[in-house]
Amino acid sequence: SAIASSYIPTSGALATRAADVSSSSNNTLGNSFYDQTKSTAFVGWNKPWSGNWDAYENIFFVYDKDAIADDKIVYGVTNGANDQVYWNVEVGNVGQLTYGAYAASSGKFNHAIAVASNNAAFAKSGAILQSDTSVALPVVNEAGIDPINIHISRITLWPKRLPDATLQTITS
């Protein structure tokens, strides 16, 4: 049977695992694993409780550390006023796309966001919920996850804009 690459069988003998290591230059986010002109992120997560969110919290986002409120791509953010999750791209604190949202009262969710200049889409559960053809992208240099009461099972980031059909497949 297949096992995850980070699985360490521990029956019978003690085992250790080397630390996960990621590197990037000081000025950009991951020269080899992030492309400033296009990206796709998949986020699989579970909200084990129901009700409205306490605040706006980023499930996963990339941003300019010197202008976090102004320049960012948010691959899932909770809405403090209701039980929805949406996506966001901002350059100079100006929204770059039409917000797409979905209800996230409780349960397991898979969504993906793909962005490139003037070509963005937001998918959930095998369907494209929103697309936009008028999008500028910020230059970013950090990635983050806000402290939030959910379980994130998987985040995958591709340095390319995956096709809509692929977004539908990976979120099914």
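Quantities reported herein were computed from a predicted structural model and do not represent experimental measurements. (Residues numbered from 1 in each chain as written. Predicted model: local features only at pLDDT ≥ 70, side-chain atom pairs only at ≥ 80, totals over all residues. Heavy atoms only, no water.)

Asks: What is the right way to read the overall build of the chain from this model?
Replies: Per the secondary structure count, the chain includes one helix and eleven strands. Seen in sequence order, the chain has helices and strands lined up from the N terminus as β-β-β-β-β-β-β-β-β-β-β-α. Counting all 172 residues of the chain, 38% fall into the buried class. Long-range pairs, those at least 24 residues apart, make up 62% of the contacts in the chain between residues at least 6 apart in sequence. Of the accessible surface of the chain, which amounts to about 9,100 Å², a share of 48% is contributed by carbon and sulfur atoms. (Helix = DSSP H or I, 4+ residues; strand = E, 2+ residues; numbered from the N terminus. Buried < 20%, exposed > 50% of the residue type's maximum accessible area, 1.4 Å probe, protein only. Contact = heavy atoms within 4.5 Å. Areas by Shrake-Rupley, 256 points an atom, 1.4 Å probe, with all protein chains shown as cover.)

Asks: Help me out: how do you make sense of the confidence of the model for the chain in this one?
Replies: Note that predicted coordinates carrying low pLDDT should not be read in detail. Residues with a pLDDT of 70 or more make up 80% of the chain, whose mean pLDDT is 82. Element-level mean pLDDT values for the chain span from 83 in strand 6 (residues 101-103) up to 96 in helix 1 (residues 164-171). (pLDDT = per-residue confidence, 0-100.)

Asks: Explain the pattern of salt bridges to me, please; I cannot follow it from the model alone.
Replies: Pairs may arise between side chains of opposite charge once their charged atoms sit close together. All chains considered together, the criterion is met by two salt bridges. In this structure, Asp 35 and Lys 38 form a salt bridge, with 2.8 Å as the shortest nitrogen-oxygen distance. (Salt bridge = Lys/Arg side-chain N within 4 Å of Asp/Glu carboxyl O.)

Asks: I'm lost on the environment of Val 77 in this one. Help?
Replies: Position of Val 77 among the secondary structure elements: in strand 3 (residues 72-78). For Val 77, a relative accessible area of 5% corresponds to the buried category. Expressed as a C-alpha distance, the spacing of Val 77 and Tyr 56, which sit 21 residues apart in the sequence, is 6.5 Å. Dropping the residues within four chain positions of it, Val 77 is found in contact with Tyr 56, Glu 57, Asn 58, Ile 59, Gln 84, Val 85 and Tyr 86.

Asks: Before we go on, may I ask you to explain the sheet that holds strand 8 (residues 119-124) in this structure?
Replies: Hydrogen bonding along the main chain pairs the strands of a sheet, whether they run parallel or antiparallel. If you walk across this open sheet you meet the five strands as 9-8-7-1-11, and the pairing is antiparallel. Each having just a single partner strand, strand 9 (127-132) and strand 11 (151-158) make up the two edges of the open sheet. Geometrically, the sheet is characterised by an average inter-axis angle of 15° between neighbouring strands, direction not taken into account. Across ten bridges, the pairing between strand 1 (residues 38-47) and strand 7 (residues 107-116) is antiparallel. By the bridge assignment for strand 7, Val 43 is matched with His 111. Relative to the sheet, helix 1 contacts strand 1, strand 7, strand 8, strand 9 and strand 11, its axis offset from that of strand 7 by approximately 160°. (Pairing = 2+ DSSP bridges. Axes fitted to C-alpha atoms, helices over the stretch in contact; angles between N-to-C directions.)

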